[in-house]
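Observations on the model geometry
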Amino acid sequence: MKVIAFNASARKDGNTAVLLKHALKELEKEGIETELFQLAGRKLQGCIACRKCFSAKDKRCAVADDAANECIAKMLEADAVLLGSPTYFADCTASMKALIERAGMVARANGDMLRRKPGAAVVAVRRGGAIHAFDSMNHFFTISQMIIVGSSYWNIGVCREAGEAEKDEEGLATMATLGRNLAWLLKKLNK
Ligand SMILES: Cc1cc2nc3c(=O)[nH]c(=O)nc-3n(C[C@H](O)[C@H](O)[C@H](O)COP(=O)(O)O)c2cc1C
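These remarks concern the structure in this document. (Residues numbered from 1 in each chain as written. Predicted model: local features only at pLDDT ≥ 70, side-chain atom pairs only at ≥ 80, totals over all residues. Heavy atoms only, no water.)

1. A closer look at the side chain of Asp112
Within the secondary structure layout, Asp112 lies in the loop between α4 (94-109) and β4 (118-125). Of the side chains with opposite charge, Arg108 lies nearest to the buried Asp112, which makes no salt bridge, at 4.3 Å. Not counting residues within four places of it along the chain, the set of residues in contact with Asp112 comprises Ala107, Ile143, Ser144 and Gln145. (Helix = DSSP H or I, 4+ residues; strand = E, 2+ residues; numbered from the N terminus. Buried < 20%, exposed > 50% of the residue type's maximum accessible area, 1.4 Å probe, protein only. Lys, Arg positive; Asp, Glu negative; His and termini not counted. Salt bridge = Lys/Arg side-chain N within 4 Å of Asp/Glu carboxyl O. Contact = heavy atoms within 4.5 Å.)

See the structure below:
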């Protein structure tokens, strides 16, 4: 079994990465393979509404000159998907929105190909807007017929400078519980 986590921060190995890694660590303890895919520095544009994915139905995006198809293939291959983003202007980042648009449209064009895969969103925030960012990512899971996994709180870490997420004890505990809940669900689903 494998879980893919996307970090859509512009800052590689920043707070969102810290939070995602805390969830992934719990999955690894349960023998589940994980991968953290960081979008920082990679080109990824939003959907151009060409609708070619609906005619091609090849589980790929027709815009092939950026990271979208690599990300989509990783989602397809994985047993579960984590979406991680810092809060930017009270929402997820533009990179995360681009990933949602591209993967979401290709999934819909291919018979909801991510249907029933578990997923969860993770957010880093300095002060405000985290719930909106969390909701934005959850919209991807619900329209894709995916199964959202919860934790003991909404999956948020309070932090500003890179690495500060390590000091948010409640945030880290929330990530660990999320990882354990996802591991539990994956084991039930793959019995
Ligand atoms: C462009 C930009 C916009 C931001 N907007 C918000 C915001 O609306 N609310 C907030 O609490 N923090 C905001 N922040 C702060 C980040 O969410 C915070 O520093 C977070 O820990 C960064 O995570 P990262 O290290 O994974 O990039 C913003 C940061 C940037 C660069």
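Still to come is the rest of the account.
2. Describing the pattern of salt bridges
Under the counting rule described, the total for this entry stands at 11 salt bridges. Measuring nitrogen to oxygen at the nearest pair gives 2.8 Å for the salt bridge that ties Lys2 to Glu35. One end of the pair, Lys2, is in strand β1 (residues 2-7); the other, Glu35, is in strand β2 (residues 33-38), and 33 residues separate them in sequence. In this structure Lys2 comes out as buried when scored by relative accessible area, which is 10%. Here Arg102 and Asp66 are joined by a salt bridge, their closest N and O atoms 2.7 Å apart. Here Arg102, found in helix α4, pairs with Asp66, found in the loop between α2 (52-56) and α3 (68-77); they are 36 residues apart in sequence, far enough to count as distant. Taking relative accessible area as the criterion, Arg102 reaches 2% and is therefore assigned buried. Residue Asp66 is classed as buried on the basis of its relative accessible area of 13%. Among the charged side chains, a network of salt bridges with common partners joins Lys2, Glu35, Lys74 and Glu77.

3. Focus: the layout of surface pockets
Taken as a whole, the largest pocket holds about 340 Å³ of empty space. Every residue lining the largest pocket is counted, 15 residues in all, and those nearest its centre are Arg11, Pro86, Thr87, Tyr88 and Arg160. Of all the secondary structure elements, the ones that give two or more residues to the lining of the largest pocket are α1 (15-29) and β4. Here the lining of the largest pocket is composed, by residue class, of five nonpolar, six polar and four charged. (1 Å grid on protein atoms, 1.4 Å probe; cavity = no way out; pocket = protein on both sides within 12 Å on 5 of 7 lines; lining within 4 Å. Points joined across faces, edges and corners; volume = space filled by probe spheres on them. Nonpolar A, V, L, I, M, F, W, Y, C, P; charged D, E, K, R; others polar.)

4. Some thoughts on the packing of aromatic side chains
Applying the stated criterion to the full structure yields three aromatic pairs. The interplanar angle of 65° and the centroid separation of 5.7 Å between the aromatic rings of Phe140 and Phe141 together place this pair among those described as edge-to-face. Assessed through its relative accessible area of 3%, Phe140 is described here as buried. Ring centres of Tyr153 and Trp154 lie 5.0 Å apart, and the angle between their planes is 65°; this geometry places the pair in the edge-to-face category. (Phe/Tyr/Trp six-rings, centres within 6.5 Å; stacked < 30°, edge-to-face > 60°.)

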